[in-house]
Each structure stands twice: as C-alpha cells, then as structure tokens.
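This is what each chain is made of:
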Amino acid sequence: MAINLATKYADQIASVFTAGSFVKGKTANTFDLTGVKTLKVYTPITVEETDYVRDGLSRYGTPTEMQDTVQELKMTQDKSFTLTIDKGNNLDQNLAKRAADMLRLQLSEKSTPAADRYALRRFATLAGTVEEAAAVPSKANIVSLLARGAQVLDDALVPDDNRYVYLTSELYKYVCTSDEFTGVPALGEKSLAKGVVGEIFGMQLVRVPKSYLPENCYFIITHRDAVLLPYKISDAKVHEDPVGVSGALIEGRHYYDAFVLGAKCAGVYALVAADKTTKTPAIEVSGQTATITCATSGAAIRYTVDGSDPRYSDSAKDYVSAVTLASGEKARAYAVGTGLYPSAVAAQ
C-alpha cells in the first residue's frame, strides 16, 4: 500500500533535523577573504628585553630590524552540487519540492555540516597545543581535563572571554553529571540552565554530533580570535525548464576554508587519544649544521631558521638533509606522521 506523504503533510517536506552550523559566529572576522583566494597575514616578531646600560652608545642594546612572520591563508575547499526536480514529479507531490526550498535544504543538510566537520578537523590539526590524554575522558575526570585545557590557555595569556569547547554529547553528559561540576551551585546552575550550551571555567560548551569531531580527538578549545572560517556561497542558481529538463535544475557552489592564526595559536587546544601524536623532533647542532630527526617512523618534518613557527610560517620548508645555519639563526621544527596529529615544535 502506498502512502501519499504529500497529502498528509500538505506542502511541507519531511526532512532530517539539522542544527545549523556549530562553528559559524564563533570565529574571528579580523580578515576578510571576500573576493580573494589567498591572503597573507603579517605578524611582527617581538624581541627579548635586555638590561639598560647607563653609559656607552648602545644603552638600550643592539638595535634589531623588525621582522615579520608571514602566514598564507589559502582557500582550498571549492565544492558543488546539482540536482533536478522533474515537473511531473513535482506536480504529483502537490508542489512539495519547491526548488528554492530544496536549495536551502541542500545547504543546511549537506554543505553546512561538511564545512563544520572540516573546520573542526583543521582546528585540531593546527592547534597550538595538541595534548594526549593520560586517560580516556569519563565522568570522574572530565572536569579536570577541561580545567587542564583552560590552564594551558591561561598560561599563554589567552584572553578569558570568547573561549569555546567543542565536545560530544557523551562528554557533555559527563560534565553535567560530574560531582565537581554540580557540586558548585553557581557554576552548575548557570551551565545547566543553558541546556545544550553550558559554561565551565569561563568557556562556552558547544555540544556537537560525534561525527563532527576528528578521529581520536576528545574535545577542542578555541578562542574566537585565534580561528577563522571564511565561508561564502560563490554561486547558487535555480533554472526553470532549462534545455533537456522539464522542471527545475538546481546548481550550487560553495567556497570555504578554516585556519588557525599562527600569531594566536596558543588560543587553540586539542585533547587527543594516547599515542596519537607524532614524536617531537630532535635537533642537533654541530658547528653551523643542524640535523633534525624524528622517532616516529616515516614522519614528515618541516622547519624554519628565522625564528617563526614552522606550523604556520610561509618560510617553512620540508626537511630533506642537514641544514646550514647562519650566525644568529635558530632552527625550529615539527613533524607529522601518517594518521597522527602533529608534534610539538622543537627549537635549537
């Protein structure tokens, strides 16, 4: 027996639930990539302070020309979709599949979730701190683990406001039912009253579907000003009765990417499973030659010699063989193994 859902629900389409974007609105809007594919961000490199000397010609120390760290933000995610709505089928379903509605449905159920998942994967991979959990998060330790993440940001002087924690419903449940959390009346009441999004240690809890977080990542903490999610619909069209189609042809193209700003990378923290990060490289300097090795087999190493962070710097290079250092240069390197999160940065 066939059931005519169009008759039952009039002109509404039974669709899957979509919560919209979990990430949009929680990222920086410092840089505008509208109309451009690549944007270079220049961050001045500060110098260490010295003791003031009360005589001589260099009382403030030796002047050093200001240098910049250059990070290239390049849009890479260029996605598209197309579908048709046959006029006969549309009429048979009481015009339920209106082309404009279907376009909005496509964007909310496919495009937006895909962008969110990509962004969270990028945030975890490019985080200033990627830390392995000593134990799997549970009701007993989840608050301590979140406190550790907040501490890392505090120690790096990351501003207290506009911090977000992306975690799954399971971990959110642990937070809400933990003794540490509900044992503090003001904290517990404030957080639980917000329902889906709570607050702990001044950080907003953002509950996301399990599939949104990257594999082997328990939660991600971001400061709004440390991450970017430039997202723009480059093209969205509905063609009525185009050549070869009796009905509507929907075409769409959306263009986006996600970045961690190197100058503010301390504002991004990811807690991942044990043994899922690449070993930190070892740098040995003999004379003016630096040799870089990594205990993780097959890991790719990138390095800089100008003092910039090789994870974000435009001057980073792939390590192939020993590097010659000029006077005053410092080698910095990190490594990435297959299926692993990046290592910490080594410096020598």
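Our structure's up above, just so we're on the same page.
Residues numbered from 1 in each chain as written. Predicted model: local features only at pLDDT ≥ 70, side-chain atom pairs only at ≥ 80, totals over all residues. Heavy atoms only, no water.

Undergrad: Which parts of the structure should I look at to understand the sheet that holds strand E16 (residues 300-304)?
TA: The strands making up a sheet are joined through hydrogen bonds of the backbone, oriented either antiparallel or parallel. Taken together, four strands build an open sheet; the order of strands is E17-E16-E19-E20 and the sheet is antiparallel. Of all the strands in the sheet, just strand E17 (317-318) and strand E20 (346-347) have a single pairing partner and so form its edges. In the sheet, E16 pairs with strand E19 (residues 332-336) via five bridges, with the strands oriented antiparallel. Note on E19: the bridge partner recorded for Ala 300 is Val 336. (Pairing = 2+ DSSP bridges. Helix = DSSP H or I, 4+ residues; strand = E, 2+ residues; numbered from the N terminus.)

Undergrad: Hey, could you run me through unusual backbone geometry in this one?
TA: Peptide bonds are trans in most cases, and residues, glycine excluded, mostly fall at negative phi. Notably, Asn 162 is not glycine yet its phi reads approximately 60 degrees, a positive angle. Relative to the helices and strands, Asn 162 resides in the loop between helix H4 (142-155) and strand E5 (163-168).

Undergrad: Help me understand the environment of Ala 127, please; the structure alone is not making it clear to me.
TA: Note on placement: Ala 127 falls in the loop between helix H3 (99-125) and strand E4 (129-132). The sequence separation of Ala 127 and Val 260 amounts to 133 residues, and the corresponding C-alpha distance is 6.9 Å. Setting aside residues up to four positions removed in sequence, Ala 127 forms contacts with Cys 265, Val 268, Tyr 269, Ala 270, Arg 311 and Tyr 312. (Contact = heavy atoms within 4.5 Å.)

Undergrad: Help me understand the packing of aromatic side chains, please; the structure alone is not making it clear to me.
TA: When we look at a pair of aromatic rings, we describe it by the centre distance and by the angle of the planes. Taken as a whole and assessed by the stated rule, the structure comprises five aromatic pairs. Note on Tyr 52 and Tyr 60: the rings are 5.2 Å apart at their centroids and 70 degrees apart in plane angle, and the pair reads as edge-to-face. Assessed through its relative accessible area of 45%, Tyr 52 is described here as partly exposed. A ring pair is formed by Tyr 118 and Tyr 256, whose centres lie 5.8 Å apart and whose planes are at 75 degrees; its orientation type is edge-to-face. Taken together, the positions of Tyr 118 in helix H3 and Tyr 256 in strand E11 (residues 247-256) put the pair 138 residues apart, joining distant regions of the chain. In this pair, the class of Tyr 118 matches that of Tyr 256, namely buried. When the ring centre of Tyr 255 is taken as origin, the NZ or CZ atom of Arg 253, which lies over that ring, is 5.9 Å away. (Phe/Tyr/Trp six-rings, centres within 6.5 Å; stacked < 30°, edge-to-face > 60°. Buried < 20%, exposed > 50% of the residue type's maximum accessible area, 1.4 Å probe, protein only. Lys NZ or Arg CZ within 6 Å of the ring centre and 35° of its normal.)

Undergrad: Please explain the pairing of E16 as it appears in this structure.
TA: Along a regular strand, successive side chains alternate from one face of the sheet to the other. Sheet topology places E16 next to E17; two bridges connect them, and they run antiparallel. Paired with Tyr 303 across the strands is Lys 317, a residue of E17.

Undergrad: In this structure, what is going on with the environment of Met 66? I would like to understand it.
TA: Mapping Met 66 onto the fold places it in the loop between strand E1 (38-45) and strand E2 (67-74). Note: C-alpha distance between Met 66 and Thr 46 (20 residues apart in sequence) is 7.5 Å.

Undergrad: Got a minute to help me understand the pattern of salt bridges in this structure?
TA: Pairing between side chains of opposite charge can happen when the charged atoms of each approach one another. What the rule picks out here adds up to 10 salt bridges. Put simply, Lys 40 and Asp 314 hold a salt bridge, and the shortest N to O gap is 3.4 Å. Of the two residues, Lys 40 sits in strand E1 while Asp 314 sits in the loop between E16 and E17, which places them 274 residues apart along the sequence. A residue is classified by how much of its surface remains accessible, and Lys 40, at 38% relative accessible area, is partly exposed. Asp 160 serves as the salt-bridge partner of Arg 163, at 3.6 Å between the closest nitrogen and oxygen. Arg 163 sits in the buried class, given a relative accessible area of 2%. The class for Asp 160 is exposed, based on a relative accessible area of 58%. (Salt bridge = Lys/Arg side-chain N within 4 Å of Asp/Glu carboxyl O.)

Coordinates in, geometry out; function isn't part of it.
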